[in-house]
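Here are the chains, one letter per residue:
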Amino acid sequence: MSHVHVYPDAPGPARPSRRAVTVSAVLGAFLVASGADVAAARTASADILLRLPAPTGPHPVGLTTWYLVDRSRRDPWDGTIPVRELVATVFYPARGVRRHPPAPQLAPVAAAVFGALAPYQHPGLPVAGVDWAATMTHAHQDAPAAPARRPVLLHSPGGGDPRGFGAGLAQDLASHGFVVVTVDHPGDALVVEFPGTTEYRGDVVRTTAFREDPRSNPATFDTMISTRIADLRFVLDQVEVLAGGGNPDATGRVLPTGLARAVDPRRVGVYGHSAGGTAVAQATYDDRRMDAAIDLEGYLDHPGERPGEPGRLFPVAEYGVNRPLLLWGTDGFPDRAGMERSWQPMLAHPGGWTRRRELRDAAHWAFTDFAAFAPQLQAAGLMTADARTALVGAIEPTRSVPTVRTGVREFFACHLGT
């Protein structure tokens, strides 16, 4: 199973330059390539409003966004960018949410670009008929944080997926007392929206550099995973800056009241889906600050140099790790044999640190917000039953969403407390 789909009809990746690349140009290039009408796509009415399930915990949820800059690294996907830029969303238990409106799942520009590109990444998604900018989270923008130290969870999404498609799980975890930092990996994610332009990045958005499954190219896959690991470790550095009273946001944006006193960097968990699962497992091996991890259906080996040839294991699978690691897959994952080849060595290490689970009647993206969205799209006639099953499985969201939420929450509560 791919970490991302191939984009068969899309143009090859244009090399970003210091000249501005406008959002309309990005949308236009991809929509023309797909044969869609640009004007129609830009003005498509919100025939369906997709809704995220509400959080189940006792705390109201706040949300804030960080723009982070790691000046020790160049961007691995674009040699003209001399730093590594990241965007992250922080979900946290709020003291109160009055006068703080709910935040959207995707920022407006990112939502427009996502709507144009998503059918390439996930065949079967509609090319029109959905207002992706209209989906709201149940988290309130910049609400004051509740005054208590909380465990911190870092989330790395699947290859190509924007961080916004982990909002449902993140907000539920925050409602139960965790601080959750969801991380976009620019150049990897389908689309990332920044707070502004820079002298080396002429637009507020970056789209993915991938035009093929990274798993089919060992060098690309290795760059993707090593970059994600470095991104996660840098974000954890910024959590420590926050806990020490500093402001990690590169623009100096004012932080929500009490947020610095809400994080406990001595209790850190990481979870990730697909490529994100690979990254968090190996990051836990590399960085002892990470106390527990969940790999949601991510390979623990490198791709082989030739098709069908086994690849070498990541060190975490070869040598094991002495901290709790949960491997959670689905019964609908097409490359089950390939996944087993990398998971079995991990499970064979002594000590009982690694466990596994399986989500039945499910497919790969059932661990994301598509678990809730795909059935809504099918019910609205915007997605076929076969496409829904390929994306998330036949499992109903009334079972998949609470199962994943409860499983992730109980794992981290057991190993980190609340």
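In the block above lies the structure referred to throughout.
Please read all numbers here as calculations on a predicted model, not as lab measurements.

### So, the sheet that holds strand β5 (residues 150–156)
Working step 1: Taking strand neighbours across the sheet as the criterion, the ten strands line up as β3-β4-β1-β2-β6-β5-β9-β10-β11-β12 in an open arrangement whose pairing is mixed. Two strands lie at the open edges of the sheet, namely β3 (102–104) and β12 (354–359), each paired on one side alone. The average angle at which neighbouring strand axes cross in this sheet is 30°, direction not considered.
Working step 2: As paired strands, β3 and strand β4 (residues 136–141) are joined by two bridges and run antiparallel to one another.

### A closer look at the side chain of H140
Working step 1: Looking at the secondary structure, you find H140 in strand β4.
Working step 2: By relative accessible area, which is 17% here, H140 ends up buried.
Working step 3: In this structure the side chain of H140 is engaged in a polar contact, spanning 2.7 Å, whose partner is the backbone oxygen of H100.
Working step 4: Excluding its chain neighbours within four sequence positions, the residues that come into contact with H140 are V61, G62, L63, V97, H100, P101 and P102.

### Considering empty space enclosed by the protein
Working step 1: Taken as a whole and assessed by the stated rule, the structure comprises two cavities of 30 Å³ or more.
Working step 2: Taken together, the elements giving at least two residues each to the lining of the largest cavity come down to α4 (167–175), α9 (370–379) and α11 (397–416).
Working step 3: Top element by residues in the lining of the largest cavity is α11. It accounts for four residues.
Working step 4: Looking at the lining of the largest cavity residue by residue, the classes come out as ten nonpolar, four polar and two charged.
Working step 5: In this structure, the second largest cavity encloses a volume near 60 Å³.
Working step 6: Around the second largest cavity sit H155, P157, G158, D161, P162, F165, G166, H273, F367 and T368, which together line it.

### Remarks on the environment of V183
Working step 1: Note that V183 resides in strand β6 (residues 179–184).
Working step 2: For V183, a relative accessible area of 0% corresponds to the buried category.
Working step 3: Along the sequence, V183 and V235 sit 52 residues apart, while their C-alpha atoms lie 8.1 Å from each other.
Working step 4: Beyond its immediate sequence surroundings of up to four residues, V183 is in contact with V87, A88, H155, P157, R163, L232 and V235.

### Quick notes on the pattern of salt bridges
When charged atoms on two side chains of opposite charge get close, those side chains can pair.
Working step 1: Per the stated rule, a full pass over the model turns up 26 salt bridges.
Working step 2: In this structure, the salt-bridge partner of D301 is R215, at a minimum N-O distance of 2.6 Å. With D301 in the loop between β10 (292–296) and α7 (315–319) and R215 in the loop between β8 (205–207) and α5 (218–243), the pair connects residues that are 86 residues apart, well separated along the chain. Of the two residues, D301 and R215, both sit in the buried class.
Working step 3: Put simply, D70, R73, D75, R84, R206 and D231 are held in one network by salt bridges that share partners.

### Some details on the side chain of T137
Working step 1: Counting through the fold element by element, T137 comes out in strand β4.
Working step 2: At a separation of 2.7 Å, a polar atom in the side chain of T137 contacts the main-chain carbonyl oxygen of A103.
Working step 3: Looking at T137, its side chain comes within polar contact range of the main-chain nitrogen of A139, at 3.2 Å.
Working step 4: In this structure, T137 is in contact with L52, L63, P102, A103, P104, Q105, A167 and Q171, ignoring residues within four places of it in sequence.

### Overview of the pairing of strand β11 (residues 325–330)
Working step 1: Counting buried positions over the six residues of β11 gives six, a clear majority of the element.
Working step 2: Because side chains alternate across β11, one face comprises the buried residues L325, L327 and G329, and the other comprises L326, W328 and T330, equally buried.
Working step 3: Note: β11 against β12, six bridges, orientation parallel. Note that in β12 the partner of W328 across the bridge is R357.

### Quick word on the packing of α4 against α11
Working step 1: One can describe the packing of α4 onto α11 by two numbers: an axis separation of 10 Å at closest approach and a directional angle of 50°. Relative to α11, the element α4 is oriented oblique. Considering the relative orientation of α4 and α11, their crossing is right-handed. Two secondary-structure elements touch here, α4 through G168, L169, Q171, D172 and L173 and α11 through V404, R405, V408 and R409.
Working step 2: Broken down by class, the residue content of the contact of α4 with α11 amounts to four nonpolar, two polar and three charged.

### What to know about unusual backbone geometry
Working step 1: Even without being a glycine, D142 presents a positive backbone phi close to 60°.
Working step 2: Position of D142 relative to the elements: it lies in the loop between β4 and β5.
Working step 3: Positive phi outside glycine occurs at D361, with the angle close to 60°.
Working step 4: Position of D361 relative to the elements: it lies in the loop between β12 and α9.
Working step 5: Classification of D361 by relative accessible area gives partly exposed; the value is 46%.

### Here's the deal with the packing of aromatic side chains
Working step 1: Under the counting rule described, the total for this entry stands at 13 aromatic pairs.
Working step 2: Judged by centre distance (5.3 Å) and plane angle (90°), the ring pair of W77 and F210 falls under edge-to-face. With a gap of 133 residues between them, W77 in the loop between β1 (61–70) and β2 (84–93) and F210 in the loop between β8 and α5 connect regions that are remote in the sequence. Residues W77 and F210 agree in their burial class; the two are buried.
Working step 3: Aromatic pair Y271 and F412: ring centres 6.2 Å apart, planes at 50°, arrangement tilted. In this pair, Y271 is assigned in strand β9 (residues 263–273) and F412 in helix α11, connecting sequence segments 141 residues apart. Taken individually, Y271 and F412 each receive the classification buried, so the pair is uniform in this respect.
Working step 4: Between R357 and the ring centre of W328, over which it is positioned, the NZ or CZ distance is 4.2 Å.

Criteria and cut-off values
- Residues numbered from 1 in each chain as written.
- Predicted model: local features only at pLDDT ≥ 70, side-chain atom pairs only at ≥ 80, totals over all residues.
- Heavy atoms only, no water.
- Pairing = 2+ DSSP bridges.
- Helix = DSSP H or I, 4+ residues; strand = E, 2+ residues; numbered from the N terminus.
- Axes fitted to C-alpha atoms, helices over the stretch in contact; angles between N-to-C directions.
- Buried < 20%, exposed > 50% of the residue type's maximum accessible area, 1.4 Å probe, protein only.
- Polar contact = N/O pair within 3.5 Å; in protein donor to acceptor, adjacent residues only side chain to side chain.
- Contact = heavy atoms within 4.5 Å.
- 1 Å grid on protein atoms, 1.4 Å probe; cavity = no way out; pocket = protein on both sides within 12 Å on 5 of 7 lines; lining within 4 Å.
- Points joined across faces, edges and corners; volume = space filled by probe spheres on them.
- Nonpolar A, V, L, I, M, F, W, Y, C, P; charged D, E, K, R; others polar.
- Salt bridge = Lys/Arg side-chain N within 4 Å of Asp/Glu carboxyl O.
- Parallel < 35°, antiparallel > 145°, perpendicular 65-115°, else oblique.
- Left-handed = near helix turned anticlockwise from the far one by under 90°.
- Phe/Tyr/Trp six-rings, centres within 6.5 Å; stacked < 30°, edge-to-face > 60°.
- Lys NZ or Arg CZ within 6 Å of the ring centre and 35° of its normal.

By themselves, these figures tell us nothing about what the structure is for.
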